[in-house]
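# Architecture and fold: a report
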Amino acid sequence: MSAGDLPEGASRRLHRVGRWIGKTFVRLPYRVRVHHLDRVPRTGPLVLVANHSSLLEAPLLFGILPRNVVFLVKHELFRGPLGWFLRRIGQIPVRRGEPDRTPLLAAVRVLRADGLVGVFPEGTRGDGEVSNAQHGAAWLARTSGARLLPVACRGTHRPAGQGRRLLPRVDVLFGEPVTLPVAKGRAGLTAATEQVRNELVGLIAELDGLIAETSESDDARGKRA
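This one's a predicted model, so the numbers in the text were calculated from it and none came from an experiment.

A side chain of one charge can pair with a side chain of the opposite charge if their charged atoms are brought near each other. Per the counting criterion, the structure on display carries 6 salt bridges. Between Arg-169 and Asp-171 there is a salt bridge, and its shortest N-O distance comes to 3.1 Å.

A separate point is the layout of surface pockets. Of the voids in this model, the largest pocket is the one considered here, and its volume is about 1,300 Å³. Leu-72, Val-73, Lys-74, Val-94 and Gly-123 are the residues nearest the centre of the largest pocket, which is lined by 44 residues in total. Mapped by element, the contributors of at least two residues to the lining of the largest pocket are helix H1 (12-23), helix H2 (57-64), strand E3 (70-74), helix H3 (80-88), helix H4 (102-112), helix H5 (136-144) and helix H6 (185-224). Here the element with the most residues in the lining of the largest pocket is E3; it accounts for 4 residues. In terms of residue class, the lining of the largest pocket is built from 25 nonpolar, 11 polar and 8 charged.

A positive phi is found at His-36, a non-glycine position, where the angle reads about 60°. In this fold, His-36 is placed in the loop between strand E1 (31-35) and strand E2 (46-50). Unlike most non-glycine residues, Asp-114 shows phi in positive territory, near 70°. Examined against the element boundaries, Asp-114 turns out to sit in the loop between H4 and strand E5 (116-119).

What follows deals with H1. Along its 12 residues, H1 runs 16 Å from first to last C-alpha, staying within 8% of the 16 Å computed at 1.5 Å per residue. What H1 keeps buried is the set Leu-14, His-15, Gly-18, Arg-19 and Gly-22. Taken down its axis, H1 places every buried residue within 145° of arc, on the same side. Residues of H1 that are exposed and point over 90 degrees away from its buried face: Arg-13 and Arg-16.

Across all of its chains, the model carries 2 aromatic pairs by this definition. The interplanar angle of 85° and the centroid separation of 5.3 Å between the aromatic rings of Trp-20 and Phe-25 together place this pair among those described as edge-to-face. Consider the rings of Phe-71 and Phe-120, whose centres lie 5.8 Å apart with planes at 10°: the pair is stacked. Remark: Phe-120 occurs in the loop between E5 and H5 and Phe-71 occurs in strand E3; sequence separation between them is 49 residues.

In this section: a nonpolar patch on the surface. Taken together, the side chains of Val-17, Trp-20, Ile-21, Phe-25 and Leu-28 present a nonpolar region at the surface, about 480 Å² in accessible area. Inspection of the secondary structure puts Val-17 in helix H1. The exposure class assigned to Val-17 is partly exposed, which follows from its relative accessible area of 31%.

Reading guide: rules and limits
Residues numbered from 1 in each chain as written. Predicted model: local features only at pLDDT ≥ 70, side-chain atom pairs only at ≥ 80, totals over all residues. Heavy atoms only, no water. Salt bridge = Lys/Arg side-chain N within 4 Å of Asp/Glu carboxyl O. 1 Å grid on protein atoms, 1.4 Å probe; cavity = no way out; pocket = protein on both sides within 12 Å on 5 of 7 lines; lining within 4 Å. Points joined across faces, edges and corners; volume = space filled by probe spheres on them. Helix = DSSP H or I, 4+ residues; strand = E, 2+ residues; numbered from the N terminus. Nonpolar A, V, L, I, M, F, W, Y, C, P; charged D, E, K, R; others polar. Expected span 1.5 Å × (residues − 1). Buried < 20%, exposed > 50% of the residue type's maximum accessible area, 1.4 Å probe, protein only. Arc of directions from axis to C-beta. Phe/Tyr/Trp six-rings, centres within 6.5 Å; stacked < 30°, edge-to-face > 60°. Patch = residues over 30% accessible without salt bridge, like charges linked within 9 Å, V, L, I, M, F, W, Y side chains within 5 Å. Areas by Shrake-Rupley, 256 points an atom, 1.4 Å probe, with all protein chains shown as cover.

Have a look at this one:
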């Protein structure tokens, strides 16, 4: 990896510590199943996009990915010791709903150094179905020439009204990297953003099918036991 695959001021040592935390402690309360991690290119610029329904997705993916990753993280988390740690492991604060190009330009520098930048296109936590998408991920991919890496997550969100779950299962499916259309202007950006959303929606449907298949297999094995 080149030196620029993390933002200026980040510590590679602490970045490794953060990935170790994500790989071990973040996963402890869950039964995590990762599908097609082999689809993640080990080199080259990538914009990772994932559905977002809880605070778990970012630290979980941070630990799962086989290479350094820089996430765009909401600015409110960059306070006190946690804020210091997030900056030192290379995460970029972004103010939602404000026209600030500073975090995007920082992310572009990472991508142009062959880095990986993670974005939640919905812009905020939702139901994980990606009913809408902001332009940031598509803009980053178009501006930097990076490919798009879609990732679908299920099981991170605890449904309203349900108590704490014992070792809930979390599934993560990595899609194939894709190249977005490069048409210029607002219309081109809108089309690219819609492709980002469609890639995620399709991958979520694929993951739901995988979960249904494995659940049926588990039930069948349980009946035979």
